[in-house]
Each structure stands twice: as C-alpha cells, then as structure tokens.
2 protein chains.
Amino acid sequence: MAAKYVYYFGGGKADGRSEMQDLLGGKGANLAEMTNIQLPVPAGFTISTDVCTQFYQNDGHYPESLEREVEKAVEKIEKAMGRKFGDTKDPLLLSIRSGARVSMPGMMDTVLNLGLNWETVIGLASKSGDDRFAFDCYRRFVQMYGDVVLGLGPETKDDIDPFEEILAAKKNEAGTEKDIDLGVDDLKDLVERYKSMIRERTGVEFPDNPKEQLWKAIGAVFHSWNNDRANAYRKLNDIPGEWGTAVNVQSMVFGNLGDDSGTGVAFTRNPATGENAFYGEYLMKAQGEDVVAGIRTPQPINTEQKGDSDLQSLEEEMPEIYRELVEIRKKLEDHYGDMQDLEFTIQHGRLWILQTRAGKRTGFAAIRIAVDMVREGRISKEEALARIEPEQLNQLLRPVFDPEERRSAVIGGRLLAKGINAGPGAATGKVVFNAADSEEWAGRGEEVILVRIETSPEDIRGMSVASGILTSMGGATSHAALVARQMGKVCVVGAKDLRIDYKKRQIVAGGKTVNEGDFISIDGITGEVIEGRIDTRPSEVLQVLFDGTLHRDDSVVYKDFAELMSWAAGIKTMGVRANADRPDQASKAVAFGAEGIGLCRTEHMFFEEERIDAFREMILASDEEGRRAALAKLLPMQKADFKGIFEAMGDRPVTVRTLDPPLHEFLPHEDAEIEDLAGKMGIEKRQLEEKIGMLKEANPMLGHRGCRLGIVYPEITEMQARAVFEAACELVKEGENPKPEIMIPLVGDLRELELQVEVVRRAAEEVQKEMGVEIDFLVGTMIEIPRAALTADRIAASAEFFSFGTNDLTQTTFGVSRDDAGKFLNDYIEKGIWKDDPFQRIDRDGVGELVKMGVVKGRDTKPDLKVGICGEHGGEPSSIMFCAEIGLDYVSCSPFRVPIAIIAAAQAAMKKA
Amino acid sequence: MAAKYVYYFGGGKADGRSEMQDLLGGKGANLAEMTNIQLPVPAGFTISTDVCTQFYQNDGHYPESLEREVEKAVEKIEKAMGRKFGDTKDPLLLSIRSGARVSMPGMMDTVLNLGLNWETVIGLASKSGDDRFAFDCYRRFVQMYGDVVLGLGPETKDDIDPFEEILAAKKNEAGTEKDIDLGVDDLKDLVERYKSMIRERTGVEFPDNPKEQLWKAIGAVFHSWNNDRANAYRKLNDIPGEWGTAVNVQSMVFGNLGDDSGTGVAFTRNPATGENAFYGEYLMKAQGEDVVAGIRTPQPINTEQKGDSDLQSLEEEMPEIYRELVEIRKKLEDHYGDMQDLEFTIQHGRLWILQTRAGKRTGFAAIRIAVDMVREGRISKEEALARIEPEQLNQLLRPVFDPEERRSAVIGGRLLAKGINAGPGAATGKVVFNAADSEEWAGRGEEVILVRIETSPEDIRGMSVASGILTSMGGATSHAALVARQMGKVCVVGAKDLRIDYKKRQIVAGGKTVNEGDFISIDGITGEVIEGRIDTRPSEVLQVLFDGTLHRDDSVVYKDFAELMSWAAGIKTMGVRANADRPDQASKAVAFGAEGIGLCRTEHMFFEEERIDAFREMILASDEEGRRAALAKLLPMQKADFKGIFEAMGDRPVTVRTLDPPLHEFLPHEDAEIEDLAGKMGIEKRQLEEKIGMLKEANPMLGHRGCRLGIVYPEITEMQARAVFEAACELVKEGENPKPEIMIPLVGDLRELELQVEVVRRAAEEVQKEMGVEIDFLVGTMIEIPRAALTADRIAASAEFFSFGTNDLTQTTFGVSRDDAGKFLNDYIEKGIWKDDPFQRIDRDGVGELVKMGVVKGRDTKPDLKVGICGEHGGEPSSIMFCAEIGLDYVSCSPFRVPIAIIAAAQAAMKKA
C-alpha cells in the first residue's frame, strides 16, 4: 500500500482522527475531530508531518505521490464547497497554516485568501457584490504572502515593515489615517506597489497562478520549521527537530458576503458566571475581526441574553441558524465534556464552524461549570478538581470592582500605575501616608488606603485597619505583601511609577498629583492603581462564612465553592495548615478548612500599644535582671494571646515560633517617638539614640535574629515557652485538648537547637509540675538557612519536626534579599534568568534541592520525622505540588490561601495516584 | 609466664619503652624513655593500663600479683634513691599521678609528698634542716590527698574549698594574709584541723600508714577514670572507655633541701630567637614553683646568657652540674631531634631531670631551629616544614613592639582594651577619627592610627596611609579587617570596650580619655590597645624584600625564611595566588612567592579622587547613554590600572573580578559631601538625596550587586572587559605575555553567567580585532552563593574556571552577616556552637559540603575545570588543608598571607603523599 500523505476533512467525514496529533499536528487533528463529530467545518486537508521529515531528508524534495494527493484533495474541497480553485467567476480561496504537535512561535503562521489574482479577484467582487471587500482581500493576501511566504516582513519589532511603509505613504497621499478610507482604486494601486516592491527585492514576479501560490506557501511552512527562531524555541523547550510540522489547507468562508452572511463567537456556558446558558455575540455582514474590534456593537445570540437591549438577537434574525447552533452547542459539550468557545461564520445563509476550544473563564465560572458538570454526570469529581486553576479561587474570596466603573475609569485616563498584585481583591479609600494616620482615620470611620514607599513591622496596626495597602517599592514577598496576604488585605506593591513624598503628603504619577485624603482605588488581582473612587462588590463566600450577611442557601457561588472544597478535602493526602498570629485569623483559617496552624509568629503580638513599651524595656535593659523584669510583664499578655489561639484551634496542632526578628525592628526610628520613649524610660534622648544605634545592623536579614536571640537571651525563649505552656495547661484544666508545637527559628547547627530545646523543655516541665497537668506537645525547628538543610541529619536528632521556611531559604540560597530584589527582578524575568519570581514559586533546582536534601537527611535520622513548610510557597499551587512530590506531611499558608492550597493538595494527590 | 603489671624505671634502666604508650600511658612511656636514654630520672614505676581494665572488669579488685609487684618496685626505688618509704629518719616520699594514652582533664591529677605522717615528717625536718619546709610539705600533702584522693575539694570553681576555708581562718587568726608568714606551729595546727575536718566529713581517720596512703591513692586514680567529668570528656573526644589509665609512682626530689640544692628550667636552644645556644634559669634552695613565681630573680644557667648582669650563673656556681646539663642537652637533641624544654632539680648536689618535652617557641625561633636542624642533618626538609605552624610566619613579616616598653606600659596600667587581632604587627601613632584627617595628617608626615567605629569602602585611602587601624565594632572579617590584611596593615577590630565619640573626637575606655592627636599603640598580633607611644621594630624580612634597608646576607632571619620558603615551594602541589588590586600589591605578592592573582577587585580602583566623580556620574546617570559617557571616562584609567598589574605579574595569571559591590557604597553619605557632589553635577541637593535614597537597600549584602549589576547595566561589564583586553593587547605588542582571567561574581544561575560571558567575549573579540593581537584569556565565575554550588554542573558549562568566594558563601550558608556577627559571635564560641569563627576557618560541615559539591558537580561537566578559592579562607592553614583534600588547583589570599599559604600547601602535599 502506498504511503498516505494528505488527510482530507469536510462534509462530515475526515481521513484523520483526534488521536493522530503526531502525524497531523494539533490543529490538523482538531479539524479532523470537529469534522468527524459532524460540525460544519469548511473543507480542507492536512499534509502530514511525515512529509516535513522527508522534505528535510531529501534536500527539500517532496515524496513523489504528494502532488497527486494534493490535487485530489483540492478537487474534493471544490466539490464540498461548490467552488473552484482559480475560478474567475466564483473562486475557491484557501488558507494555509502550519501546525506542529505543539503550538510553536517562530514558525510560519497563516496565509489567508490564497488563490487571488487580477482575474479571480473580479469573480470575488462580482460574487460578493462588494468591490472594496474583494480588492482589500487581494491587498491583504499580497501583503501576508509577501511577509510570511517570501520573508519580506520585519524581522524584529524595531525593523521597518516595507508593506506598512507603502501603506502609510498611500494613506498620506489619500489624505487619511485610516485603512477604511482607502477606495477601490487606492487598493488596486497598493497591490501594484506591493508587487513591484516584491519584484525589486526578490528579483522575481509575484506568482499569479493559484497553484504556484499554494505550493510556495506549503514550501514556506516546511522551511519555517527550521528557521532560527523556531530552532531556538525548540532548543529552549526540548522539542525534537524530528517531529516536523504539518500543513493545513482549508477553504475560506466569508461572513461579509451580503445580508445573509455574518460571523460570531459563542460560549456553550456563560464564561463570566458559569451559568448553564448559551452565550455569544455576532454581527451580520462582518468578518471575524469586526466582532472583537469594537467598532460595531455586536448583537446577542439569543433572547435570554438580550435582556432589555434594543439589539436583535440571532435567535430572532436567523432562527434556523440559531437552532443549528444550539444543536452544535449540545454536541460540543457532549463530546468535549467542557465548556467550549466556538467561532462561526454564516456565508450566504450557511453556517460554518471555524474553531472550537475549551473556553477561557473566570474563577466563578470555572467552579460553577466544574461543579455543575459533576452534577450533570458529565465528569467525575476528580476531573472537576483537575480543571480548577487553584489560584482562581481567589476571585471567590475577594471583593472586586464594579466592572463598568473600572472600565470607564481606565478609558478615562485615571490609571496611575501598575504594580505587583500582592493581595488579591479590590479596594477603594482615602490616601494616608503613615500607620498612625491610618489608625486615626479608620477610627473615625473612613476607608483608607495606606500608601508607603515600603512597610515595616511597626506599620502592622495601621495596615490591619486599612482597606488596602499600596507601596512603591518591594516585591511580591516584601513585608507589605506578606502581611497583606496573611491579613487578607488588598495590596499592590512595587508600583514604581508612583513618586511618594511623605513630607508633602502626596503621590505624583504620570503628571497627576494625589494628595492625602484623595480617593484612590487599587486592584490586587490586576495590580492596577486608579485615581478616584470605584465601587467594590464584596465576595459572596466571605459574606456567608464571616459576615453572616448572606445565608449559605442563598448563594450559588458559596454552595458550589463548599461542595468543591469538600471533594478536595476528601481526596488530598497532605495536610493544610495556616499561618496565623491572632485568634481571629485562626478562626478564619478553620472556617476555610485549615487543619492546624503551621506558623504563629509571636512577634506580631508585641506591637500592640501596652506591649511595645514592655518589649522595648526588655530590649533596652542592660542586664538579665532588667530583661526578666520586662518579660514578666509580657508573660500574661502572651499567655492570653496563646490561649485565644488554642481555643480557636481546638485540638488542631498550633506551631508557635519563638521570637524571630532583630530587636531593632521594635525600636522607634523617628525623632518624636525616640524622645517619647526616652521620657518613659527616664533616660536622656542621646543615651537612647546611642543604644538604638548600637543595635543597628548592616544586613538585618543576616543579623542577630531567630534563635540567635534566644541563644544570647535564653530568658526570652523561656518566657515565651512559659506563656505557651501556661495557656495550654489552663485549657487542659478547662477540658480542652490544645496541641502546641514549639518551633525554633533560624537554626543552622544542632547545638543551637539543643540549647533552645533545653530551655523550652525545662519551662514545660516546670509549668506542668506547677499546674499539675500534662501537655501533649512537640519541639521542632525551622529549616530556613542552607546550613540547616546541609546538616539536617544531625539537627533531626534534637527535632520532633521540621518546618521549611522557604522565604528565608530562598533569600539565603540565592543570596537575594526579597526587599531589595525589586531593583533587578524585572530584568531577571525579562532576560529569562528567572522563569518565575523565586519568592512566589519555589525554585526547584536550588532551593528545592536543599529542601529535598533536608527531608531525606532528616528522615535518615528519624524516619517518622514530621515535615512541613511554612514559607509563602506553602500557598502556591506548583510549589505545593513539589511539596507533595517530596513527601512533606503538610503545607502551611496564609488563611486566605488555605482553600487554594487544599485544591492544589487534592490535585497533587490525584497526580501521585 | 605470669602477666606483668608494674614497670619499673630508674638508674638508667626501665622496664618500659617509649612505644608502650598504650600500656603505660603517655607519661609512663615518657618516663621510661627518659630513663632509657640515661637521663637522671628519679626512680619510680608505672602500673599498666591493663590493671585499670581488670579493676573495672572485676568489681574493683586488682590482679592477685599486683601487690607483690608494687612492693618489689618500691624496694627498687628505695635502693636507687638510698631512702626508705616510711623511714622515720630519712623518708622516701612519692608522687602519684594518673596517665592515660592521651592527656585527659577530669581525671585525678597529682598527689605529692606521699609517705608523710607525724613520724616521717620529723625525719624530713631533721634531714633537710628546715622544720618549716617539712611541716609545710605535710600540710600540703594532707590537703592534696584530701582533695584528690578523698574527694573533699571543691567540685566547681564556685564551691567553697574546705581546706582553703580552714587555711583562711588560720591566717586570719595569725593576723596575716600570706601562707609564708605561718610558722611551724601554725602548720602543725593546720594539719590537725585538716585531719579533723576529714574525719568529720568522711567518718574515717586520715591514714598515717604510708602503704595505706599509697594504695588508696592508686585506687583513686583508677576510680577517677570513670568519674563524670572524665566520662563526659571521653564522649566528646571519642576516647574509648576500654583504654584505661596507668598510674605513675615516682620518688620525690627537693630543690630546697639546702645550699647544695636547687631547681631550674632550660631550653636546648633559645626559644625567642632560635639561636643554637643553651638557655635557662635556676634558683638555689628553691622548689620548681619558685622559679616561675617571680618573687626571687632567677639566675642564668651560663656565662654566655648572663651578659652584663651581676647574677651568678650555674656554670660558675656548680660547674660540674652545668657540664652534666650540657651533656644532657646534647643527648636530648640527639634523641628527640627537636628543641627541648626541661625541668631539673638539684638535690644535695645531685642532678635530677623531672621532665622534658618539645619546647614552646616564637615564630622566629621555630623557623630558625627548623632550618638549622636541617643544616645540622638532624631532620629532613619535610620534617622541618611539618614543624612550622604556618601562622608563625606572621611574626617574621610584621613590626613588633619593643618588648620591654610594652611590658612596662601594661604593668603601668596603660592597656585600654583588647580587641580582635585582625592585622598582625605593632603600630603606634596619633589618633585620628576619619579618613580625611588620616590623609591630611599622614600627608604632613605624622604617623596616625585611624580609629573608627567601623570602616567602609570610602575610608580606603585614609586606611592606606595610616600606620594602623582600630575599630570598636566588626569581627575578624569585617571590612576593616579584610582591607587591613590585604594592605598588610596593623589592625585591631571589635575592641568593644572603647567608646568612640566622633563628635567629641575622643575615645573613652576604662575611665581614661584619649583625644584626637594623642598617641596610641595597637598590637595586631595580641589585639592589645595601649595608651601612649611604644616603639616598634620593623621586620627584617620586609626590610630585605621591600625596603632595601637591609641586605639579605646580613639577615639570618631572612635567610632562614627564604630557605624554608624555597623548600615549601618545591614540595607543594597546589598553586598559591594573591588577592591584589594594585600594582604595588601585585609586586609584593610576587616577592612573597605568589604564582598569580586569584582576585583583583576592580572596585577599589574607583575610589581615587578623579575616578570617584566619573563613577558617581555613571551611577547617577538616568539612562544608558549617560552611563556610557561616564564609563568612557573611566575606561583609560581602568586600563592603566590593569596594565600596571599585568606588568607586575608578568606571565602569571591575573583573575579580574567585574564590579561587585552595590552602587550605593560609592555615593557620599554626609551632608557636606552630598552638597558638594550635587554642585558638581549641577543638580539640586534634594534631587541627589532622593536618588541616593532610592539606591539604599535593606540588606546590601543580598542586594543589587555582583553580576546583578552587569545584568542590569551590561555596559559596565563591557567597559571593564574592554579595559582588561586593551591593557593586555598593548602589553602583547610590547612583547609581554599577560594572562587575564575574567571572573563574574555572585552568579546563581547558568543564564546569568551566559549573559555576562557573552558581553565579555564580545568585548574581547572587538578589542583583539581592533588591535590585531591575540590574547590568551579565560572567563569564569565565582561560586559564592549556595545556589551556584547546588547547580554547579550547569554553571560549569559556561565557565572556564570556578573560584570559590567563601566569604560570601559562609554568609549565605549560615545566614549570617559578617558585619553583624559580632553581636553574637562571642556567645556562639563560648557556648560551643561554633568551635571557630566560620569566617576565619572554613566550616567543613556546611560551607565545605557546598564547596565539595561545587567541585564535584563542576568537574562532572568539565573534568579539567580549573578550581580555586579566593575567600579569606584561602590564607588560613586548616582551610588550605581542606582545599587540598578536595582537589582545588589553587588558593588565593592577601599578599601578606602568601608565605603562610605556601607553607600550609606544602604541609597539605606532604599529608596527602
């Protein structure tokens, strides 16, 4: 049997099948499939990838039988479409497209309207009754052919496009700036000018023979497989050169051939809400690009969607065609089992489907569609979960801008800057420039956006009362971003175009000035910073879960969300905990499904008014006695905090980290505050300044912090351990069952851990004895500097659990401070050094290697060692996948990312199984 | 044959031999050896470690034959010494000591004068003619026995010693504070009081029977093998419990029995200079402790040593004894092949040798003795090299204080503080508090000590003209220490007790105030900071090598040094390079034997007057064009610098690192300077302040520096590469053969390196083309952050060499900033977390693991990859040993450490062979 190289599709029957992707490429296989399920696909054929391979093996020669096969296939197209290729009366026009197994930039894309010349264009003109259309088709064809087949287009963005140059000159002569103003004669002249330029540059005449056009275009596709850009892309993405590309040749259909022609796009379900309703837009007498161009207002496809508008729907205008589309909609969902996005064209009253693919959708729609399809029996729960992008859940949790208001603000030029989307959701409020004002203004009921160049731990209270946080510096894991995410605050960071002036209390950006008290709106999903007020809508899920302003039965969104979460919880095998420092955060985490607290940062507790004084007294004490006196004041407060958190968490484990940040972070920096504190302490301002100066560090990130504090001042660790155990003992007496896990930060050497564990265990014994109660507790360590991972086998000897602090581990492994990375992050992403921000997505090659090493070494020493992660990566889906792969017991993330983590963990479990 | 448990020594014959250390313990074997080489060792015997083992196996029972063996051995001692144990006329007294294979704290140490009771003490008194001596012996014996045998001494330093309590009470009653004022009756009373206290506490009588005393003391030694402290020490040092301890019983001799008795210590060669001359001190009518106590002035042992002093020498006072000692001196050196330190006692005109061991010596002496002994044919060159502590070479290179002046200053209370010895040598000069003053004062010929809280790169010029550098903050690898070591400056850092006040221009320490312009003296070998002027002596080696003020033939020190270095250079297999940034440093490095430059820091070049302006212009430029304009000004200057360095290095390789520090380090910080710069730039001060503010970083160590600068501003790398290649090409044209190696810092990912290598190679090609010359060059990278080591296999693909930057690698692996580590370093050393400062001695478990990984992975990709180290560790002997173990090709260190590194590298090669 002779080899087959050409695969025809059309008239409800295709030579190929969807599984033949290797041979037909993705596009070709898809066209075959669409044809096979009886969609009215314009006829065409695919030249297989084998031809490409032979083309290169045989010095650019095709297999002998190819020419005959192509001729026959063209004849079949002519028959199916009722037109002839090269016919001067009613010419069949073709499109030519490349199509490899995977979509590949750098290769020849598309040539449309192939088959036109000075004779056939007359036929097209008379058949369409639209001369301008016909000659514009011709003009476009020559340009496209010249560009992609003859290679005369610009090579880079900065090059001059010779066709655009000619077009611009022509428009200049015609005294217009728009293509649409060019008349038939202008277009004819343009074709001539294009052709002579082509003649000059290539030395040969533009081919008028349609067959010659076709073969040259096919050859151009095969050649494009091996051009520099395609080769570079393949090398970067490990695509073998042997795969080759297929060529797709398909008949053109036009939606602008008269009153019985039109074009449109449709979604089998609503892509915004996910509602199970047919949804789409169309225009009569139009080509595909007209629908999206926004010059004419598209019409709704059905009456349901039309609502109150005056526009006529397709259902009304062409009921037959609409019915046909409705049937196709059902066929598509039955066949693909997912919401589809289709493009259709009506040519002289006949419906053609040009493309169908899984439709893009909002997070709301993604969840609703997935859950509905399970209910409809179309897909399994697992399939539904697999289809959710975990990040999409964010949209269900955060307030959003009213879309219309936002749109008009952006069009109206009120967009000030775009920063990094650090805390999803939308917020609007009055601008304040410091934490104190934020508290004061919020205290009197104002909605405020706290605007800072960057934030520090002292700003926490101001941040917690603001509606949103905006900074001009810092990256996605800067202090502002971290705290905002944990608090569930809307946050945009690193909006570099903003010039923030604290003294003048104003922001300058793009020539505009925003003063203190002016309204500003920020979108933590898009990173947009917009001048003025834009109304926001609250999230239904939060209304149900926390506000109580909406009953769960009244919210479809909530019910779908809850159902999906329950499936995920049932499937996942890895634990999901939350990072939470306060009882209210703990309660939220539990509501979201957290199974424990993986990181409770005790230092955040010290910033409240009455505590900060005692804490500063401790820092500034000159000896242990002084420190102990101040710590004694803090003990009951810390104990109360822990009690609240333990109560919120019930019998779920709570990992409490001992004091971590360098002490100078707790001291005042501004003159007035220093004077005030000196007064309180009864010392001279100068003395205090000196002390503060002595605590200053060149690189606080690598300074006197973490367990290094507890090593030098064991009394701090002792007080904190005491507070934890006293709280726990009291609860046990009250019949509760708290599970504290004490975690020592920044350990780099077994001995450090041993010394701190000793202090903690001594406190535990004393408290348990004093209170006559036994506590079920663990003592473990963070693994957050490379040395800890490298010596994890030793460290494990003294640890009951490991928790990877991948924020700090990323900083030290890369030697990059996340607060300073903003200075080069963009260059690093642009130049392809970092594929992602390593502070957002775990760096598997470096940081991941150390994490793996830590797990393996730790479990070498203690096979049942409990291992988790509490860096920001614990809430990022691809990083969670990594955690599952290397066998972590749990991930921990900010409360608002718990649902995301649960979905990701379920996906990881399914992938593993 | 029955087992033998007791090994007698005495009268020139011993049962044991030096090789029997396992059986006799170190001390026992040594006593046997001394006896065997005919030294007059007081007779005694050793009970073997076998007895200890059996003692524990048999519930504290001794082997049956032991008692008889001991009795016989005691008899032999009595015979040899002409006295009888327990004799009431002329009693033989014994000392009892433990002695394991290795010396071990925690075990019973020593009981002296055993054999005394109320009867024998009378014999001792009459025989010595000194009642007070006899009863003081008795008093001491009871106290020592009570303490170590009966265990009544204090357990910790804080415990009260019951014997001292009684002694103190007695002195109180006697109305004196000194033991020496107690009379014979007081001493008798003390013995009684001690004994009754012992009776009270133990319930038994103090044993008067000498034999009982002996057996109880032997038992106490064996028991002490298994006490808590000994067990803890063994566990910590991996000493098996089965080893057991031996017991050494030896007859006592006394140097205070009359005018024909005496005691002394001697060195077979001068321990300060190494001169081959017998050297020692003695006192007649004295015990060993009197010689060192400093109450009486000891006499010289020979006329040569006596010089102009009035003291009589042993040579004059007891010529026979002296002759005997001279013979012993020869015997010792012949036998041990090293300079010995011996203790001797003359008892009634008879010479006894109590101990001999390798003598402690200065660096000068160490080298002179080693080289002399090779010349004398006593030892091989290898043996000579093995005996040198590489660090001792420092003493030959640095100026030192006049020892007498220093001593009187310290005794006179002029010691202000002790800091970390960061740059060896002694310096004296007037105090200045900033770099500008340092330059100004030095410019007018003053010797200055630059005193700063800490230094920064801006201080470099001021540092380079100062005689010494003193800081109150920072550790051994702070900026001040690093720069000082490279410049070969005397430097003391982290002298915390100094309160430096820039405004008042004064130092306050220990109640004293040192003002600007006052003299101060610092010793970078001891870390001492001394008020006032102390004369220094220059190093002979430097006078010969650099100053030309001394001819090599006139300096024994230089000749010995040069000879030793030539041996080392011939033996070592690993290369030794220097870190040098300027031609003068390069020349010094070559003079010291460097085989290349392993690190040339280009940034130091930017601080000179004319350059800093152009460099700042570059930093503050708002676009690439502006940066290029400023860089064009810098190019000829950098080129000239490189040319100078290449010239100094000849055809030795020179590794040039591209710009490394964050740009803000080059900007002014002080108001006046900022105003000045703004004026020069023609912008407003406020604008400049804003720019400076924008460049500020939270953690500069982890900020925008290293190759991150070259990635964002490739034009900087381009200019630097151009400067290197233009300089090299010009030299090639002049007939030279420069070997530049360009090194990219702070690489963490292959792509970073690729991008920078591309820039460098492009510049190389262009320059070579322009100049029509070919250059032999390499392009490589530093491995100085964990991620680079973890992904070294990939990075090696683009690197022609690796150079480990272990300073930064230590900072990132530990997560510790060396500038801030001072805050907890002391606690970490004290608490045993760090055995050494990891910035001084490479941390093998963590940082070393990464270095090893980097080497293995790098060579997996490129088997012939050249690998070196250029961190400070490259000049530290034990780290150099590590580098040799893991197969590095070279180490690089500051020029003044090159000789040290060469010795260490030779030792490493010998160890490997």
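Everything discussed here concerns the structure shown above.
Everything numeric here is computed off the predicted structure, so don't read it as measured data.

Colleague: Any chance you could explain the environment of Gly 244 of chain B here in plain terms?
Modeller: Residues and elements named next belong to chain B. Structurally, the position occupied by Gly 244 is in the loop between helix H9 (228-236) and strand E8 (245-251). On the basis of relative accessibility, which here comes to 1%, the residue Gly 244 falls in the buried class. The spacing of Gly 244 and Asp 547 is 303 residues in sequence and 58 Å in space, taken between C-alpha atoms. In contact with Gly 244, other than residues within four places in its own chain, are Thr 49, Cys 52, Ala 100 and Trp 225.

Colleague: What should I look at first to understand the side chain of Asn 113 of chain B in this one?
Modeller: Residues and elements named next belong to chain B. Tracing the chain through its elements places Asn 113 in strand E7 (residues 110-114). A distance of 3.4 Å separates a polar atom in the side chain of Asn 113 from the backbone oxygen of Cys 137. If we skip the residues at most four places from it in the chain, Asn 113 touches Leu 93, Leu 94, Cys 137, Phe 141, Met 252 and Phe 254.

Colleague: Just to check I follow, could you spell out helix H14 (residues 363-375) of chain B for this structure?
Modeller: Because an α-helix packs 3.6 residues into every turn, residues spaced three or four apart end up facing the same way. Residue and element names in this part refer to chain B. Compared with an ideal rise of 1.5 Å per residue, which puts 13 residues at 18 Å, H14 spans 18 Å between its outermost C-alpha atoms and is within 8% of the ideal. Along H14, 10 of the 13 residues are buried, which leaves the element largely enclosed by surrounding structure. All of the buried residues in H14 are Gly 363, Ala 365, Ala 366, Ile 367, Ile 369, Ala 370, Val 371, Asp 372, Met 373 and Val 374. Once H14 finishes, Gly 377 follows within two positions and takes phi at roughly 75°, a positive value.

Colleague: For this particular structure, what's the right way to read empty space enclosed by the protein?
Modeller: To locate leftover empty space, one rolls a probe as large as a water molecule over the atoms. Under the definition given, this model contains 9 cavities of 30 Å³ or more. Quantified by volume, the largest cavity comes out at close to 120 Å³. For the lining of the largest cavity, the elements supplying multiple residues, two or more each, are strand E5 (91-92) and helix H4 (120-128) of chain A. If you tally residues by element for the lining of the largest cavity, the top one is H4 of chain A, at 3 residues. Lining the second largest cavity are Arg 83, Asp 90, Pro 91, Leu 92, Leu 93, Leu 124, Lys 127, Ser 128, Met 252, Phe 254, Leu 257 and Gln 347 of chain B. Listed by contribution, the elements that provide at least two residues to the lining of the second largest cavity are strand E5 (91-92) and helix H4 (120-128) of chain B. The dominant element in the lining of the second largest cavity, judged by the number of residues it contributes, is H4 of chain B, at 3 residues.

Colleague: Which parts of the structure should I look at to understand the packing of aromatic side chains?
Modeller: Pairs of aromatic rings are described using the distance from one ring centre to the other and the angle between the two planes. Across all of its chains, the model carries 54 aromatic pairs over all chains by this definition. Ring geometry for Phe 725 of chain A versus Phe 777 of chain A: centroids 4.8 Å apart, planes at 70°, classification edge-to-face. One end of the pair, Phe 725 of chain A, is in helix H29 (residues 714-733); the other, Phe 777 of chain A, is in the loop between helix H30 (750-771) and strand E31 (778-783), with 52 residues separating them in the sequence. Judged by its relative accessible area of 0%, Phe 725 of chain A is buried. Using a relative accessible area of 14% as the deciding quantity, one classes Phe 777 of chain A as buried. When the centroid spacing of 5.1 Å and the interplanar angle of 65° are considered together, the rings of Tyr 145 of chain B and Phe 206 of chain B count as edge-to-face. Separated by 61 residues along the polypeptide, Tyr 145 of chain B in helix H5 (residues 131-149) and Phe 206 of chain B in the loop between helix H7 (184-202) and helix H8 (210-224) bring together distant segments of the chain. Accessibility classification places Tyr 145 of chain B together with Phe 206 of chain B in one group, the buried group. Chaining the aromatic ring pairs together yields one cluster made of Phe 55, Tyr 56, Tyr 62, Trp 215 and Phe 222 of chain A. Directly above the aromatic system of Tyr 7 of chain A lies the positively charged group of Lys 4 of chain A, at a separation of 4.9 Å from the ring centroid.

Colleague: Looking at this model, I keep getting lost on the sheet that holds strand E11 (residues 299-300) of chain A. Mind explaining?
Modeller: Working definition: the strands of a sheet are paired by backbone hydrogen bonds and lie parallel or antiparallel to each other. Residues and elements named next belong to chain A. With antiparallel pairing, 5 strands are arranged side by side in an open sheet as E11-E10-E9-E12-E13. The open sheet has two free edges, formed respectively by E11 and strand E13 (350-358), since each of these has just one partner strand. Docked against the sheet, helix H13 (residues 319-336) engages strand E12 (340-347) and E13, running at close to 30° with respect to E13.

Definitions and cut-offs
Residues numbered from 1 in each chain as written. Chains lettered and ligands numbered in written order. Predicted model: local features only at pLDDT ≥ 70, side-chain atom pairs only at ≥ 80, totals over all residues. Heavy atoms only, no water. Helix = DSSP H or I, 4+ residues; strand = E, 2+ residues; numbered from the N terminus. Buried < 20%, exposed > 50% of the residue type's maximum accessible area, 1.4 Å probe, protein only. Contact = heavy atoms within 4.5 Å. Polar contact = N/O pair within 3.5 Å; in protein donor to acceptor, adjacent residues only side chain to side chain. Expected span 1.5 Å × (residues − 1). 1 Å grid on protein atoms, 1.4 Å probe; cavity = no way out; pocket = protein on both sides within 12 Å on 5 of 7 lines; lining within 4 Å. Points joined across faces, edges and corners; volume = space filled by probe spheres on them. Phe/Tyr/Trp six-rings, centres within 6.5 Å; stacked < 30°, edge-to-face > 60°. Lys NZ or Arg CZ within 6 Å of the ring centre and 35° of its normal. Pairing = 2+ DSSP bridges. Axes fitted to C-alpha atoms, helices over the stretch in contact; angles between N-to-C directions.

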